[in-house]
Structure formats: C-alpha cells, structure tokens
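Descriptive structure summary
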Amino acid sequence: QVQLVESGGGLVQAGGSLRLSCAASGRISTSTMGWFRQAPGKEREFVADIPWSGGGTSYANSVKGRFNISRDNAKSTVALQMNSLKPEDTAVYYCARKPWGAGEYDSWGQGTQVTVSS
C-alpha cells in the first residue's frame, strides 16, 4: 500500500472550477488511479480513473465532459480538474490506487471536501 493525500478542495459557486490533487508516498507508475466521492447520506461512487499509461481514462456519466483526470508518474501525483461545477457535485472526494493486476483499490486517501453553492 501507499499513502495518498488529497488537496485542493473548498467552497465554490455553481459554474466554477476546482483542481484536486493527490500525492502518493510511494510508486504509482504501474497502478490505475481513481477518484471517488461520497455525498452526505449516500454511498461512495466512482468519479474517474486513469490507467498507468495515462490513456483510456474513464468517467462517471454525471461528470463526463466537465471533469478531467490526469497523472504525473514521475511526481507520483494525480489530478482531477473539475469545471462547470454543480451543487450535486458536493461531496468528499477520495483518491485511490489499484495496483497492476489487482481487482480492487487497495489504498485510499483521507478525502477532501468539495462544496458547490447554488
């Protein structure tokens, strides 16, 4: 496992943008990295992921076209650029790692709060 630390959350008005960052303490270059979110009273849900190569990214339908996931393997960081934010994007956002060949994510960050006001 590696330690993951998210940053960049905050309060923003609807239509605004935020950029979340995730810094890993160890190597993530061979891992798929993902972003998830959990709103109050709801289950955690998938937001986006990016394979080790950086290609073939995936997004939840609710964020497709508005969010962009990227990574820098040399710096062991992953970012989530969030544009055209909506109040329903309000949640705690988590970064996670899924090692090569693994079926599930094995490392999670502590989360960063994103609040979008209407």
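Look up a bit, the structure's there.
Now for a quick tour of the structure. (Residues numbered from 1 in each chain as written. Predicted model: local features only at pLDDT ≥ 70, side-chain atom pairs only at ≥ 80, totals over all residues. Heavy atoms only, no water.)

**Quick word on the pairing of strand β1 (residues 4-7)**
Remark: a regular strand shows side chains that alternate across the two faces of the sheet. Side chains L4 and E6 project from β1 onto a buried face, and the interleaved V5 and S7 project onto a face without burial. One ladder, built from four bridges, connects β1 with strand β3 (residues 18-24); its direction is antiparallel. Residue pairing for β3: S7 is matched across the bridge by S21. (Buried < 20%, exposed > 50% of the residue type's maximum accessible area, 1.4 Å probe, protein only. Helix = DSSP H or I, 4+ residues; strand = E, 2+ residues; numbered from the N terminus. Pairing = 2+ DSSP bridges.)

**Quick notes on the side chain of R37**
Its location among the elements puts R37 in strand β4 (residues 32-38). At 3.4 Å, the side chain of R37 and the side chain of S62 are in polar contact. A distance of 2.9 Å separates the side chain of R37 from the side chain of Y93, its partner in a polar contact. Discounting residues that sit within four places of it in the chain, R37 has contacts with E43, R44, E45, V47, S62, V63, F67, E88, D89, A91, V92 and Y93. (Polar contact = N/O pair within 3.5 Å; in protein donor to acceptor, adjacent residues only side chain to side chain. Contact = heavy atoms within 4.5 Å.)

**Comments concerning the packing of aromatic side chains**
Applying the stated criterion across every chain, the model contains four aromatic pairs. Pairing F36 with F46 gives two aromatic rings, centres 5.8 Å apart and planes at 75°, and the pair type is edge-to-face. Of this pair, F36 sits in strand β4 while F46 sits in strand β5 (residues 45-50), placing them ten residues apart in sequence. With a relative accessible area of 11%, F36 lands in the buried category. Here F46 falls in the partly exposed class, since its relative accessible area comes to 28%. Relative to Y105, the ring of F36 has its centre 5.0 Å away and its plane inclined at 85°; by these criteria the two rings are edge-to-face. Here F36, found in strand β4, pairs with Y105, found in the loop between β9 (91-98) and β10 (107-108); they are 69 residues apart in sequence, far enough to count as distant. Taken together, the aromatic side chains of F36, F46, Y105 and W108 make up a single cluster linked through ring pairs. (Phe/Tyr/Trp six-rings, centres within 6.5 Å; stacked < 30°, edge-to-face > 60°.)

**What to know about the nonpolar core**
Grouped together as the largest cluster of nonpolar side chains are 28 residues, with contacts concentrated most on W35, L80, M82 and Y93. Among the secondary structure elements, those contributing two or more residues to this core are β3, β4, β5, β7 (67-72), β8 (77-82), β9 and β11 (112-117). By residue number, the principal contributor to this core is β3, which donates four residues. Once residues lying within four places of it in the same chain are set aside, the contact partners of L80 are L18, R19, L20, W35, V47, A48, F67, N68, I69 and Y93. (Core = buried A, V, L, I, M, F, W, Y, C linked by side-chain atoms within 4.5 Å.)

**Notes on the environment of S31**
Inspection of the secondary structure puts S31 in the loop between β3 and β4. Spatially, the C-alpha atom of S31 lies 27 Å from that of T90, the residues being 59 residues apart in sequence. Aside from chain neighbours lying at most four places away, what touches S31 is I50, P51, W52, R71, R97, K98, P99 and W100.

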